[in-house]
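Here is what each chain is made of, one letter per residue.
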Amino acid sequence: MPAAPAVTVRPARTQDVPAIRALVSPLAERRVLLQKEAVAFYESIQEFMVAEAEDGSLAGFGALHVMWQDIAEVRTLAVADAWLGAGVGHRILTALLERAREVGVARVFCLTFEVEFFRRHGFEVMADQSAVDPEVYAELLRSTDEGVAEFLDLARVKPNTLGNTRMIRSL
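First things first, this report covers the structure right here in the doc. Nothing here was measured: the structure is a model prediction, and the numbers come from that model. (Residues numbered from 1 in each chain as written. Predicted model: local features only at pLDDT ≥ 70, side-chain atom pairs only at ≥ 80, totals over all residues. Heavy atoms only, no water.)

## Remarks on the overall build of the protein chain
Okay, so step 1: Counting its regular elements, the protein chain contains 7 helices and 7 strands.
Okay, so step 2: The linear arrangement of helices and strands in the protein chain, starting from the amino end, is β-α-α-β-β-β-α-β-α-β-α-α-α-β.
Okay, so step 3: The buried share of the protein chain, reckoned over its 171 residues, is 49%.
Okay, so step 4: A sequence separation of at least 24 residues applies to 68% of the contacts in the protein chain between residues at least 6 apart. (Helix = DSSP H or I, 4+ residues; strand = E, 2+ residues; numbered from the N terminus. Buried < 20%, exposed > 50% of the residue type's maximum accessible area, 1.4 Å probe, protein only. Contact = heavy atoms within 4.5 Å.)

Here it is in structure tokens:
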């Protein structure tokens, strides 16, 4: 198994989108990630960090999506099967959390099947729906972003979130 230092974590580029989509596809088939259209990846490419192997292939990726002044979501965090257990997910998540600090976010949310992974990184299962003040909740309801709807636990996104755990971490 390759060692984690054999990858470089960097901001994603538009040229990475085909490889990101190729890694997402089998995970979407297993209902681990949601399949997205190519345009969605291009529109949000600035949110992504990738782990690039020495041969130029992608070992993994993840995104940080700011939802409000003090909260962001880790999205689409995935590691290629060949790199599982090599610390790639840890390195990507660490880079995303650092990015969250840089932009001034105080809390980071995720919706995941990988509860233990996120728990090891300081995330806790959300005990209730009061992660934001009622005024902010009302503002977030205006968002058309599906991830925000998942954070708010709206009924219309329940089919996408079945089996997932809502977790949050303060920075």
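## Re the pattern of salt bridges
Any two side chains of opposite charge can pair, on the condition that their charged atoms come close.
Okay, so step 1: Enumeration according to the criterion identifies 7 salt bridges in this entry.
Okay, so step 2: Salt-bridge contacts for Glu 98 lead to Arg 101; the nearest nitrogen and oxygen are separated by 3.7 Å. Taken together, the residues Glu 98 and Arg 101, both in helix α3 (residues 88-103) and 3 residues apart, mark about one turn of the helix.
Okay, so step 3: One salt-bridge network, held together by shared partners, links Arg 10, Asp 16 and Glu 52. (Salt bridge = Lys/Arg side-chain N within 4 Å of Asp/Glu carboxyl O.)

## A short note on the packing of aromatic side chains
Okay, so step 1: Enumeration over the complete set of coordinates arrives at 4 aromatic pairs.
Okay, so step 2: Ring geometry for Phe 41 versus Phe 48: centroids 6.0 Å apart, planes at 55°, classification tilted. Both residues of the pair, Phe 41 and Phe 48, belong to the buried class.
Okay, so step 3: On the basis of an interplanar angle of 85° and a centroid distance of 5.1 Å, the ring pair of Phe 118 and Phe 123 is categorised as edge-to-face. Here the two residues Phe 118 and Phe 123 agree in accessibility, since each one is buried.
Okay, so step 4: Pairwise contacts between aromatic rings join Phe 41, Phe 48 and Phe 61 into one cluster. (Phe/Tyr/Trp six-rings, centres within 6.5 Å; stacked < 30°, edge-to-face > 60°.)

## Some words on unusual backbone geometry
Okay, so step 1: Unlike most non-glycine residues, Arg 31 shows phi in positive territory, near 60°.
Okay, so step 2: The exposure class assigned to Arg 31 is exposed, which follows from its relative accessible area of 59%.
Okay, so step 3: Despite not being glycine, Thr 76 has its phi angle at roughly 50°, a positive value.
Okay, so step 4: Its place among the elements puts Thr 76 in strand β4 (residues 71-79).

## Side note on the sheet that holds strand β5 (residues 107-112)
Okay, so step 1: Read across the open sheet, the 7 strands follow the order β1-β2-β3-β4-β5-β7-β6; overall the sheet is mixed. Only two strands of the sheet have a single partner each, and these edge strands are β1 (7-11) and β6 (124-125).
Okay, so step 2: Of the strands in this sheet, β2 (48-53), β3 (58-68) and β4 are in contact with helix α1 (residues 17-29), which crosses β3 at around 90°.
Okay, so step 3: In the packing of α3 onto the sheet, the strands contacted are β1, β2, β3, β4, β5 and β7 (165-170), and the crossing angle to β3 comes to about 25°. (Pairing = 2+ DSSP bridges. Axes fitted to C-alpha atoms, helices over the stretch in contact; angles between N-to-C directions.)

## Digging into α3
Okay, so step 1: Spanning 16 residues, α3 covers 23 Å between terminal C-alpha atoms, matching the ideal 22 Å at 1.5 Å per step.
Okay, so step 2: Buried residues of α3: Val 88, Gly 89, Ile 92, Leu 93, Ala 95, Leu 96, Leu 97 and Ala 100, and no others.
Okay, so step 3: Just downstream of α3, Gly 104 is the residue with a positive phi angle, here 95°. (Expected span 1.5 Å × (residues − 1).)

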